[in-house]
Amino acid sequence: FFTAEDACGGTMRGSSGIISSPNFPNEYHNNADCTWTIVAEPGDTISLIFTDFQMEEKYDYLEIEGSEPPTIGLSGMNIPPPVISNKNWLRLHFVTDSNHRYRGFSAHYQG
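Residues numbered from 1 in each chain as written. Predicted model: local features only at pLDDT ≥ 70, side-chain atom pairs only at ≥ 80, totals over all residues. Heavy atoms only, no water.

Asks: Would you take a moment to explain the state of the cysteines for this structure?
Replies: Think of a disulfide as a covalent bridge from one cysteine sulfur atom to another cysteine sulfur atom. Following the criterion strictly, the structure yields one disulfide and no others. Disulfide partner of Cys8: Cys34, at an S-S distance of 1.9 Å. Taking the sign of the S-S torsion, about -100° here, the bridge from Cys8 to Cys34 comes out left-handed. Linking Cys8 in the segment before β1 (9-13) with Cys34 in strand β3 (residues 33-39), this pair joins segments that are 26 residues apart in sequence. Taking the relative accessible area as the measure of exposure, Cys8 reaches 33% and is therefore partly exposed. (Disulfide = S-S within 2.5 Å. Helix = DSSP H or I, 4+ residues; strand = E, 2+ residues; numbered from the N terminus. Buried < 20%, exposed > 50% of the residue type's maximum accessible area, 1.4 Å probe, protein only.)

Asks: Got a minute to help me understand the pairing of strand β4 (residues 47-54) in this structure?
Replies: Here is the key point about a regular strand: its side chains alternate between the two faces of the sheet. Here two bridges tie β4 to strand β7 (residues 83-84), and the two strands are oriented antiparallel to one another. Looking at the pairing, Leu48 lines up with Val83 of β7. (Pairing = 2+ DSSP bridges.)

Put into structure tokens, the structure is as follows:
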């Protein structure tokens, strides 16, 4: 059982919401491994718009599945372009290594 503060990942439902890395806007944890799944209504697609993005290049990354291309790997200091799902779900997998922590990411999604 997790409280909202400890939660790292989970399933997000509903037409819109915000996903951000643990502790955001403070630094994320080392050795994090979080998976979020966004599920929209059948037939809908999901757009994911990043509002903040800052992580250690190559070593800490966010992997997104369910879009075109099928897997997108994001890292570094630049805010990525919006990601559009090609079905009614997107999966976000956030992984960090054992040193160098940054602010992480925050993104707004809508179905």
